[in-house]
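Given next are the chains, with one letter for each unit.
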Amino acid sequence: MPSPAAAIAQKAYAHPMTAPRWGDEAETRSPIDVVARLGIVASYARNAEIFGEDQAADHLYIVLSGAVRICKLLGDGRRQIETFCLAGDVFGWEMEPRHRFSAEAVSECKVVRIKRSILFSRAADDAELAHALWALTASELGRAQSHLLVLGRKTAQERVATFLLDMAARAGSGQGTNGIEVTLPMSRQDIADFLGLTIETVSRTLTHLEEISAIALPSSRRVVLRDGAALRRLNS
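Small disclaimer: the values here were computed from a predicted structure and weren't measured. (Residues numbered from 1 in each chain as written. Predicted model: local features only at pLDDT ≥ 70, side-chain atom pairs only at ≥ 80, totals over all residues. Heavy atoms only, no water.)

Draft legend 1. Examining the overall build of the protein chain more closely. Summing up its helical and strand segments, the protein chain has 8 helices and 11 strands in all. The proportion of buried residues among the 236 residues of the protein chain is 43%. When contacts within the protein chain are restricted to residue pairs at least 6 apart in sequence, long-range pairs at least 24 apart make up 70% of them. Split by element, the accessible area of the protein chain, about 12,500 Å² in all, is 54% carbon and sulfur. (Helix = DSSP H or I, 4+ residues; strand = E, 2+ residues; numbered from the N terminus. Buried < 20%, exposed > 50% of the residue type's maximum accessible area, 1.4 Å probe, protein only. Contact = heavy atoms within 4.5 Å. Areas by Shrake-Rupley, 256 points an atom, 1.4 Å probe, with all protein chains shown as cover.)

Okay, here's the thing in structure tokens:
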């Protein structure tokens with residue numbers, strides 16, 4: 001189920017030729033809605049590259065459905081995933097004219113692609129758009145700061161618990177009979193590269209959390225959060 005932000009963005013594209021002008025309904029539009037109206041929808045297959053490292057940073061992107069990983073391949077062949085973008089998330093932020101990271105579709109996905117030149121020219125004279133860009137940038141900064149704390153100060157078990165709770169919250173997963181079920185679009189290797197761990201450590205940690213009944217693992221991509229309190233204690 002798409003997040004509220006993604007639903008707003010999708011609604012904006014249901015009838016693109018009849019979208020309200022900037023002066024209309026300003027009070028009801030979210031930052032995502034304001035920015036998304038300036039772009040076009042593009043679809044990408046699983047593992048397709050959306051943009052590559054050192055390519056021109058000409059666009060900003062909003063995820064409508066699916067998942068995207070922002071990553072960098074290091075000189076020794078290791079990969080670091082900077083973030084996962086889900087429905088309603090924005091990516092492609094750059095201060096420089098070229099991308100420092102690559103963006104790849106984790107699964108089949110749809111994104112809104114907005115030209116940076118249009119955003120900047122419109123924002124110079126549009127207070128609503130300028131405020132929307134500020135709000136989205138602040139949100140991205142908060143996410144990056146949180147992830148820095150995870151990598152710098154948390155143990156492997158704490159990192160995995162934090163990741164599972166974050167995925168459940170972002171995906172809007174509901175409470176089931178046995179707990180909160182989360183379907184992960186990414187592989188365990190992706191999770192390891194995101195958390196700065198090895199795939200073996202991620203697998204061992206998930207098995208340990210299952211053994212202490214904090215989670216259940218119906219399959220490699222499905223996780224049931226059975227003891228939210230225990231996971232939150234690890235996340236504190």
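Draft legend 2. Geometry of the packing of helix α3 (residues 116–123) against helix α4 (residues 127–153). Interaxial distance between α3 and α4 falls to 8 Å at its minimum, and their mutual angle equals 125°. Here α4 runs oblique to α3, going by the angle between their axes. Within the contact between the two elements, α3 uses Leu119, Arg122 and Ala123 and α4 uses Leu129, Ala130 and Leu133. Looking at the contact of α3 with α4, its residues break down into 5 nonpolar, no polar and 1 charged. (Axes fitted to C-alpha atoms, helices over the stretch in contact; angles between N-to-C directions. Parallel < 35°, antiparallel > 145°, perpendicular 65-115°, else oblique. Nonpolar A, V, L, I, M, F, W, Y, C, P; charged D, E, K, R; others polar.)

Draft legend 3. The arrangement of the pairing of strand β3 (residues 59–65) in detail. For β3, the tally of buried residues reaches 6 of 7 residues, placing the bulk of the element in the interior. Pairing analysis gives 6 bridges linking β3 to strand β8 (residues 109–115), with the strands arranged antiparallel. Within the sheet, the bridge partner assigned to serine 65 lies in β8 and is lysine 110. Examined bridge by bridge, β3 and strand β6 (residues 90–91) share 2 bridges and lie antiparallel to one another. Of the residues in β6, the one forming a bridge with isoleucine 62 is valine 90. (Pairing = 2+ DSSP bridges.)

Draft legend 4. Structural detail: the packing of helix α5 (residues 156–171) against helix α6 (residues 188–195). Between α5 and α6, the shortest axis-to-axis distance is 11 Å and the interhelical angle comes to 115°. On the basis of their axis angle, the class for α5 and α6 is roughly perpendicular. For the crossing formed where α5 meets α6, the hand is right-handed. For the pair formed by α5 and α6, the contact residues are Arg159, Val160 and Phe163 on the first element and Ile191, Phe194 and Leu195 on the second. (Left-handed = near helix turned anticlockwise from the far one by under 90°.)

Draft legend 5. Summary view of the pattern of salt bridges. Taken as a whole and assessed by the stated rule, the structure comprises 14 salt bridges. When the shortest N-O distance is used, the salt bridge between arginine 37 and aspartate 33 registers 3.0 Å. The class of arginine 37 is partly exposed, set by a relative accessible area of 23%. With a closest N to O distance of 3.0 Å, arginine 100 and glutamate 94 form a salt bridge. Salt bridges linked by common partners bring Arg69, Arg79, Glu104, Asp190 and Asp193 together as one network. (Salt bridge = Lys/Arg side-chain N within 4 Å of Asp/Glu carboxyl O.)

Draft legend 6. A look at α6. Extensive coverage of α6 is indicated by the burial of 6 of its 8 residues. Buried residues in α6 make contact with β4 (68–73), β5 (79–85), α4, α5 and α7 (199–211). A positive phi of about 70° marks glycine 196, the residue just after α6.

Draft legend 7. Here's a closer look at the sheet that holds strand β7 (residues 102–105). Strand order in the open sheet formed by 4 strands is β2-β7-β4-β5, and the pairing between neighbours is antiparallel. The open sheet has two free edges, formed respectively by β2 (49–51) and β5, since each of these has just one partner strand. For this sheet, the mean angle separating the axes of adjacent strands, direction not counted, is 30°. Bridging between β4 and β7 involves 4 bridges; their strand directions are antiparallel. Among the inter-strand pairings, arginine 69 is bridged to a residue of β7, identified as glutamate 104. The sheet strands contacting α6 are β4 and β5, and the helix crosses β5 at an angle near 100°.

These figures come from the coordinates and say nothing about function on their own.
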